[in-house]
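Residue-level listing of the chains:
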Amino acid sequence: MFLLLKELKKYTMTLEELLNVYAENEIKRGSFALGTRNNYLSVIRMLQTMDIIHQKVMRIETTDLQILFDDLGNGFYREDHTFHKPYSKSRICAYSALLTNAFAYAVYPLKIIKQNPMEHIALPVTRNETKIFSDMNHKEQVLSHETFLKIIAYLNSKDSPNALPIQIAYYTGLRLGEVCGLTWEDIHFDEQFLIVQRSVVLNCENKNRLEFTTPKRDKSRIVYFPNTLKKILKEEKKKQKNIVCRNYYMEIQENGTLHYPLYSGVIDSKDKIAIHLVCIKKDGSYINRRSLACSCTRLNKHIDGLQDFHFHMLRHTYATNLLVTGMNMQEVKELLGHNDIRTTMNIYVHNNEETMLKRIRKLDKIINS
């Protein structure tokens, strides 16, 4: 049952050997979604560049793993002496999920160790520390409307379902998870607004399970949308009229917390609650947030002049476009769902510098008149 187990002496098995066995027997042959499988294998490839990979499983203690995760949060030097910058919170959670599962596999069925050393690991907390010598010349990248139209034209030529979530984000500034969690019940055509009240996230503690949660900082909001998006959404709703609902969620209690995992398929249980997502594939199944994010980065290869594009750039573009229209910072803050107006100002004020400079130059006329 276990590939290579006969050739490996369990008392001398290294972490690298454990991960290889776990990958062959569980990740590649298990029920993991493609995105989850690829993410786990990517983490294994990165672990192979770290010193801990050569340690014997029986000798790896919680303190060793805590040092590893502290390094992931603070940055670390690879074996070739190059420095790797700190990982994001989501990436660190992916490492945690993989190693937790791999060591659990070592406990049973391999029976190499008796206790999972990942049980008491404290994941690093990302703190927003103010840097008085930070790069104030940094600007968030934005898309021109011409480039945006090129992206949509390319995706439509490929009959890709990813065109719609990109259009929604461009015209509303919704985050990736918020777009994926949007339902038709959230959209009010007459009043021309949508309600952001949930987001699709990865539960890294449960094999990166996709599930619904509240928006960032538990902050629901109303976002008005222009006529252009209204037309797009109405046309999409007509297209989906004959598509059978394949998406549902369940309410599950885990460790005293209510979770809402997302599924696709035939609804055959009273515990499954149908949900009518806006962004779906041709077969009616939901669009995976990870595959959507990856598809966006791949667009850089296909669109002339497009560089470093990622889904969140649509949000930056939306905010910048709002400022250009003359909308004040407080209004932009509310539409974006920021908790603090300083976040809005720090991120987007530079992208509006041309408009602000024109207004400031009017002082010359007043002063010199």
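Conventions used here
- Residues numbered from 1 in each chain as written.
- Predicted model: local features only at pLDDT ≥ 70, side-chain atom pairs only at ≥ 80, totals over all residues.
- Heavy atoms only, no water.
- Helix = DSSP H or I, 4+ residues; strand = E, 2+ residues; numbered from the N terminus.
- Buried < 20%, exposed > 50% of the residue type's maximum accessible area, 1.4 Å probe, protein only.
- Contact = heavy atoms within 4.5 Å.
- Areas by Shrake-Rupley, 256 points an atom, 1.4 Å probe, with all protein chains shown as cover.
- Pairing = 2+ DSSP bridges.
- Phe/Tyr/Trp six-rings, centres within 6.5 Å; stacked < 30°, edge-to-face > 60°.
- Axes fitted to C-alpha atoms, helices over the stretch in contact; angles between N-to-C directions.
- Parallel < 35°, antiparallel > 145°, perpendicular 65-115°, else oblique.
- Left-handed = near helix turned anticlockwise from the far one by under 90°.
- Nonpolar A, V, L, I, M, F, W, Y, C, P; charged D, E, K, R; others polar.
- 1 Å grid on protein atoms, 1.4 Å probe; cavity = no way out; pocket = protein on both sides within 12 Å on 5 of 7 lines; lining within 4 Å.
- Points joined across faces, edges and corners; volume = space filled by probe spheres on them.
- Salt bridge = Lys/Arg side-chain N within 4 Å of Asp/Glu carboxyl O.
- Core = buried A, V, L, I, M, F, W, Y, C linked by side-chain atoms within 4.5 Å.
- Patch = residues over 30% accessible without salt bridge, like charges linked within 9 Å, V, L, I, M, F, W, Y side chains within 5 Å.
- Disulfide = S-S within 2.5 Å.

Trainee: I tried to follow the overall build of the protein chain on my own but got confused; where do I start?
Mentor: What the protein chain contains, in helices and strands, is 14 helices and 11 strands. The 369 residues of the protein chain split such that 44% are buried. In the protein chain, once contacts between residues fewer than 6 apart in sequence are set aside, the share between residues at least 24 apart is 63%. Accessible surface, the protein chain: about 21500 Å² in total, of which carbon and sulfur atoms supply 51%.

Trainee: Where do I start with the sheet that holds strand 3 (residues 187-188) in this structure?
Mentor: Sheet strands pair by backbone hydrogen bonding; their relative direction is either parallel or antiparallel. Ordered by their spatial adjacency, 3 strands build an open sheet running 3-4-7, and the pairing between neighbours is antiparallel. Looking along the sheet, the strands with just one partner apiece sit at the ends: strand 3 and strand 7 (221-224).

Trainee: I tried to follow the packing of aromatic side chains on my own but got confused; where do I start?
Mentor: Aromatic ring pairs: the centre-centre distance and the angle between the two ring planes describe each pair. According to the stated counting rule, one finds 9 aromatic pairs in the structure shown. Taking the centre distance of 5.4 Å and the plane angle of 50° together, the rings of Tyr 87 and Tyr 95 count as tilted. The residues Tyr 87 and Tyr 95 share a single accessibility class, namely buried. Ring centres 5.5 Å apart and planes at 25° place the aromatic pair Tyr 248 and Tyr 263 in the stacked group. Taken together, the positions of Tyr 248 in strand 8 (residues 247-249) and Tyr 263 in strand 10 (residues 257-264) put the pair 15 residues apart, joining distant regions of the chain.

Trainee: Mind showing me how you'd approach the packing of helix 6 (residues 163-172) against helix 8 (residues 227-239) here?
Mentor: Two elements in contact, helix 6 and helix 8, have axes whose closest approach is 10 Å; the angle formed by their N-to-C orientations is 155°. Between helix 6 and helix 8, the angle falls in the class roughly antiparallel. Two packed elements cross with a definite hand, and for helix 6 against helix 8 that hand is left-handed. Here Leu 164, Gln 167, Ile 168, Tyr 171 and Thr 172 of helix 6 come into contact with helix 8, specifically with Thr 228, Leu 229, Ile 232, Leu 233 and Glu 236. Tallied by class, residues from the contact of helix 6 with helix 8 come to 6 nonpolar, 3 polar and 1 charged.

Trainee: Whenever I open this one, the layout of surface pockets confuses me. Can you help?
Mentor: A probe as big as a water molecule, rolled over the atoms, marks out the empty space that is left. Approximately 450 Å³ is the volume attributed to the second largest pocket. Lining the second largest pocket are 18 residues, with Asp 159, Ser 160, Pro 161, Glu 236 and Lys 239 sitting closest to its centre. For the lining of the second largest pocket, the secondary-structure elements that each account for two or more residues are helix 6 and helix 8. Element by element, the count of residues in the lining of the second largest pocket is highest for helix 8, at 4 residues. Taken together, the residues of the lining of the second largest pocket break down into 8 nonpolar, 4 polar and 6 charged.

Trainee: Is there a simple way to think about the pattern of salt bridges in this case?
Mentor: Side chains that differ in sign of charge can pair as their charged atoms come close. Following the criterion strictly, the structure yields 6 salt bridges and no others. Its salt-bridge partner being Arg 221, residue Glu 178 comes within 2.9 Å of it at the nearest N-O pair. With Glu 178 in helix 7 (residues 176-180) and Arg 221 in strand 7, the pair connects residues that are 43 residues apart, well separated along the chain. Arg 221 matches Glu 178 in its accessibility class, with the two residues each being buried. A salt bridge links Arg 198 to Asp 186, with the shortest nitrogen-to-oxygen separation between them at 2.5 Å. Taken together, the residues span a long stretch of sequence, with Arg 198 in the loop between strand 4 (193-196) and strand 5 (199-203) and Asp 186 in the loop between helix 7 and strand 3 at a distance of 12 residues. With a relative accessible area of 18%, Arg 198 lands in the buried category. A network of salt bridges, in which partner residues are shared, links Arg 175, Glu 178 and Arg 221.

Trainee: Explain the environment of Asn 101 to me, please; I cannot follow it from the model alone.
Mentor: Summarising the element assignment, Asn 101 is placed in helix 4 (residues 89-107). Judged by its relative accessible area of 17%, Asn 101 is buried. In this structure the C-alpha to C-alpha distance between Asn 101 and Glu 26, which are 75 residues apart in sequence, comes to 9.7 Å.

Trainee: Looking at this model, I keep getting lost on the nonpolar core. Mind explaining?
Mentor: Within the largest apolar cluster, 56 residues are counted, with the highest numbers of intra-cluster contacts made by Ile 166, Ile 168 and Leu 233. For this core, the element with the highest residue contribution is helix 6, accounting for 7 residues. Excluding anything up to four places from it in sequence, Ile 168 contacts Gly 173, Leu 174, Val 179, Leu 182, Leu 229, Leu 233, Val 278 and Cys 279. Within the second largest apolar cluster, 40 residues are counted, among which are Val 21, Val 43, Ile 44 and Ile 52.

Trainee: Sorry if this is basic, but what is going on with a nonpolar patch on the surface here?
Mentor: A grouping of Leu 363, Ile 366 and Ile 367 is seen on the molecular surface, where their side chains present a nonpolar patch of about 330 Å² in accessible area. The residue Ile 366 is located in helix 14 (residues 362-368) in this model.

Trainee: Help me out: how do you make sense of the state of the cysteines in this one?
Mentor: One way to say it: the disulfide is the covalent bond shared by the sulfur atoms of two cysteines. If you walk through the whole model with that rule in mind, you get 0 disulfides. We note that Cys 296 lacks a disulfide partner, and the nearest cysteine sulfur, in Cys 294, lies 9.2 Å from it.

Trainee: Which parts of the structure should I look at to understand the pairing of strand 4?
Mentor: Pairing between strand 3 and strand 4: 2 bridges, direction antiparallel. Bridge pairing in strand 4 places Ile 187 opposite Leu 194. Counting the residues that bridge the hairpin from strand 3 to strand 4 gives 4 residues, and of these Gln 192 lies at a positive phi of roughly 60°. Relative to strand 7, strand 4 runs antiparallel, the two being bridged by 4 bridges. Counted as the bridge partner of Val 196 is Arg 221 from strand 7.

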